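The residues making up each chain are set out below.
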Amino acid sequence: MHLYIHIPFCKQACHYCDFHFSTNTTNKRAVVEAIAREIVLRKSYLPDGDMETIYFGGGTPSMLDEAELHFLLETIHKHFRVAPNAEITLEANPDDLNAASLQMFAKAGINRLSIGIQSFHEPHLRFMNRAHSAVEAEQCVTLAQNAGIDNISIDLIYAIPSEDHDILHSDLFKAFTLNVPHISAYCLTIEPQTAFGSWLKKKKMRPIEEEYAAQQFEILVKSLGEHGYEQYEISNFARNGHYSNHNSSYWKQHPYLGVGPSAHSYNGASREYNISNNAKYLEAIQKGLIPATIEALTPADRTNEYLLTGLRTKWGVELLKLDEFSAGAFALQSESELERMTRKGWIREDSGILLLTEAGKLFADRIASDLFID
Amino acid sequence: MKKIRNFCIIAHIDHGKSTLADRLLEFTKTVSQREMQAQLLDNMDLERERGITIKSHAIQMNYVYQGEEYILNLIDTPGHVDFSYEVSRSIAACEGALLLVDASQGTEAQTISNLYLAINHDLVIIPVLNKIDLPGAMPEEIKDEMVDLLGCERADIIPASGKEGIGIENILNAIVERIPAPVGDPEGPLQALIFDSVFNSYRGIEVIFRVKNGSIKKGDKVKFMATGKEYIADEIGTLGLQQIPKQVVECGDVGYLISGIKVAKEVKVGDTFTHIDRPATEAIVGFSEVKPMVFAGIYPVDTSEFEELREAMEKLQLNDAALVWEPETSAALGFGFRCGFLGMLHMEIVQERLEREFDMTVITTVPSVQFRVLTTKDKLLNISAPSEMPEPNHIKYIEEPYINAQIITKSDYIGPILNLCMDKRGVLKNQIYLTAERVELQFLIPLAEVVFDFFDKLKTISRGYASLDYELAGYQESDMVKLDVMLNGEAVDALSAIVHRSKSYEWGKKLCEKLRELIPRQMFEIAIQAAIGQKIIARETVKAMRKDVLAKCYGGDISRKRKLLEKQKKGKKRMRQVGNVEIPQEAFMAVLKIN
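Residues numbered from 1 in each chain as written. Chains lettered and ligands numbered in written order. Predicted model: local features only at pLDDT ≥ 70, side-chain atom pairs only at ≥ 80, totals over all residues. Heavy atoms only, no water.

## Brief notes about unusual backbone geometry
Residues apart from glycine generally show negative phi values, whereas peptide bonds are mostly found in trans. Residue and element names in this part refer to chain A. Cis geometry is found at the peptide bond from Gly58 to Gly59, where omega equals 20°. Tracing the backbone shows Gly59 in the loop between strand 2 (51-58) and helix 2 (66-79). Located in the positive-phi region is Asn129, a residue other than glycine, with phi close to 60°. Here Asn129 lies in the loop between helix 4 (122-127) and helix 5 (134-146). Within the chain, Lys203 stands out as a residue other than glycine whose phi angle is a positive 60°. The topology assignment puts Lys203 in the loop between helix 7 (195-201) and helix 8 (210-226). Classification of Lys203 as exposed rests on a relative accessible area of 73%. (Helix = DSSP H or I, 4+ residues; strand = E, 2+ residues; numbered from the N terminus. Buried < 20%, exposed > 50% of the residue type's maximum accessible area, 1.4 Å probe, protein only.)

## Brief notes about a negative patch on the surface
Residue and element names in this part refer to chain B. Together, Asp302, Glu308, Glu311 and Glu314 make up a negatively charged patch on the protein surface. As for its position among the elements, Glu314 is in helix 7 (residues 306-318). Judged by its relative accessible area of 39%, Glu314 falls in the partly exposed class. (Patch = residues over 30% accessible without salt bridge, like charges linked within 9 Å, V, L, I, M, F, W, Y side chains within 5 Å. Areas by Shrake-Rupley, 256 points an atom, 1.4 Å probe, with all protein chains shown as cover. Salt bridge = Lys/Arg side-chain N within 4 Å of Asp/Glu carboxyl O. Lys, Arg positive; Asp, Glu negative; His and termini not counted. Charge placed at Lys NZ, Arg CZ, Asp CG, Glu CD.)

## Some points on helix 5 of chain A
Residue and element names in this part refer to chain A. At Cys140, helix 5 is deflected by roughly 25°, the largest bend along its length. Among the residues of helix 5, those classed as buried are Ala134, Ala137, Cys140, Val141 and Ala144. Lining the buried residues of helix 5 we find helix 3 (99-108), strand 4 (112-118), helix 4, strand 5 (152-158) and helix 6 (166-178). Count one or two residues on from helix 5 and you reach Gly148, which has phi positive near 95°. (Bend = angle between axes of the 7 residues up to and from the residue. Contact = heavy atoms within 4.5 Å.)

## Things to note about the interface of chain B and chain A
Listed by partner, the interface residues are 30 residues for chain B and 45 residues for chain A. Together chain B and chain A conceal approximately 3500 Å² of surface at their shared face, both sides included; 53% is due to carbon and sulfur atoms. Put simply, chain B and chain A have 10 salt bridges between them. The salt bridge partner of Glu582(B) is Arg366(A), with a shortest N-O separation of 3.4 Å. Along the contact surface separating chain B from chain A lie 24 residue pairs in polar contact (both at pLDDT 80 or more). At 12 residues, the largest contribution of residues to the side of chain B that touches chain A is made by helix 13 (residues 558-573) of chain B. Taken together, the residues of the side of chain B that touches chain A sort by class into 11 nonpolar, 4 polar and 15 charged. (Buried area = accessible area lost by both parts, 1.4 Å probe. Polar contact = N/O pair within 3.5 Å; in protein donor to acceptor, adjacent residues only side chain to side chain. Nonpolar A, V, L, I, M, F, W, Y, C, P; charged D, E, K, R; others polar.)

Right, here's the structure in full:
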């Protein structure tokens, strides 16, 4: 079983980010209490079983103070059976990481950090309105390792507008010296409801050039590979099997419970998501209600979701499972597409499992959507 | 018969005809307030949305005037230039017409041409100045214009507002007083003019007619004179808000006939029907077959839907007698239909109805007019599709259809309109000042230049003032060439067009540019080329897509992402693969948007 906790607060808004968060932290404590209450309300959402992963995402979960973090973990332990070796991840921003905070996280039971470094290049950090500096970006990982947390992932953003690929190369070089077991690398995407989105609309900013982004992706995949990082998902790279077990659960169709404003949950038959508004979330939870919208999944929905998530991973999708989810429709509807894509060298089949080829990875979305069933 | 008045309303689109009709129906209690849907006579959804009456209908009202009850038959007429023949038949069924003019806008070309039609049919004209309640109304100026136009007295003009219900009684009284009762021989052989037909999926075609001579009884055996077909009058009646079955429809009256006719084609607007037993010696004059002006191919986006499309077309034809089609094959698009339309609006309506009423996704190819080609072997060919055009070395000459266009505008816009018409290879034939500020321009213009975007442009450059009407004016020799479009070297016949040589380069260049915008990037580069014969005259490139993958896909992204990709997949279904290139439906209509 897997648990996601959304901490919807940030110090400041990054120009690219369209996740749900608020920079007004006056009701932080109340929201944390509400999240704890939601955990209790929803303790029967998932079938019985050990909680194998717990993930504090955001927002900025590293803004939680000791009491808040303890309270949440305490509640979790009280209402769920947490596996002894559970992966407990906390997303953290470099500016929140110091010897004291790291010690506090470790003591609370956090055994994996996902650090939002994004870039080591000061102008790029400023361009994206990150709260930390390049120096903090470089130092925080060592601080965490000194505090005894070795299972660290860092986030990088590529395709930030630049004249050439030099900054990407130097960002990667710096990342490699940190010796972390996991790197997530995301292409800068301009979302409508962000500062970048608004600039793009007003033509104050140019769209990210596709050719440039594709080249950066290719550099990244090659360079990470050369340094021992395995691309186990389009944007995720791990050394020696240090995959994110929590995120992998999303791609493997495992059920998960998400609590907190805007969090999504999945139980195999439906997906549901909480309201993306802290005040409304609070109000509902305080009345003992869960402010969620539920979407039942049809066989086609399940098949298509499996395709779009599974194809992105090194585990691919099992043809048998596709047929099972779709009640046989996949085999009927997608035969010619499969053949066409195989011929083009985008996908390959390996003992009943469909996988993207290297060339196919650049077109994962298109390939998935072409294989979708009605 | 003395108590019958048959009239129509002549008005430009937007001048308030439908609203006024509603008021007349309300005032005569033909329809109660509760039954009143706004703009009652337009009962196709599409008509209401577009605000135009596509198909004409008729409705009967009873009106008591000075203690006597009169029957008033309002014959509705379509308001668009594409449907002018139907208008002329509606007019032929009347003795009088309300000329409805918007008090803020004045007369328009369409109104005037229909007015002339009415005057030619000896209709009594009742001038009505509508929308006098509008703040922008200029009643005195427009009255001057109407006096000039009709040679009527100022006092004859009835001020009205359909919206506010002003002047309705005056109009009804004028209909009784000024419009003559129908004349005809009630004892003579039956002569009934068909001026409309309506498709009813349960009862077949309902024929709407006006009895000119004699009378028709339920159960009579009748013969349609133009088609020669014979039927039994299973049901006859008059037209209220609903049909009112009758035993007999008398001389001078308007009614409907149901006789199990299944296909609209069998009912020709303008035809006359008479009794088989005692036939009239001749038909009512004025019948002519409606001829299509614009031709285009219609193809299913999904080739496997050809038979469904055929069924849809057949059903559409049940109530659209003006639509003609025959099967056609395109190298690029496979099996489809070559269709003839009355005009571009008619074409758009057919396409929309196919999509809405029959859930068909179709591709419409470049519209064309009908050219005449004399081959080197002295054979005369009618060419309505670029693919039918012979090779240039087999052509002696090509002729294209011309029209006499009548444009009425404020004199301020003469300059830009002249430029537009010259640009469209038009020749100014006449210029008449209707008033000091309004002028009528007459041009001889190739029909091909008018069918595309002429009307929109005319409206734009005249800020909506100028109006257009036209009639065919025969064929003239023209230097036409066939322009082909190739995608990655492969000719796409559905994108070919026949254009004038002087415009071919510009056309080719703009078409390639437009296609570049409309064809989405694919996994490979796409070369778009325009060619005349072997000569490439324009080229554009759609760059290959380099990547199509979103960065993040976590727990909260999955359903949103699935929906996004489902939408993409749906969009793809509206595309047609030609060679290895996927072309969206809109691209085939690119020519309509090249300016």
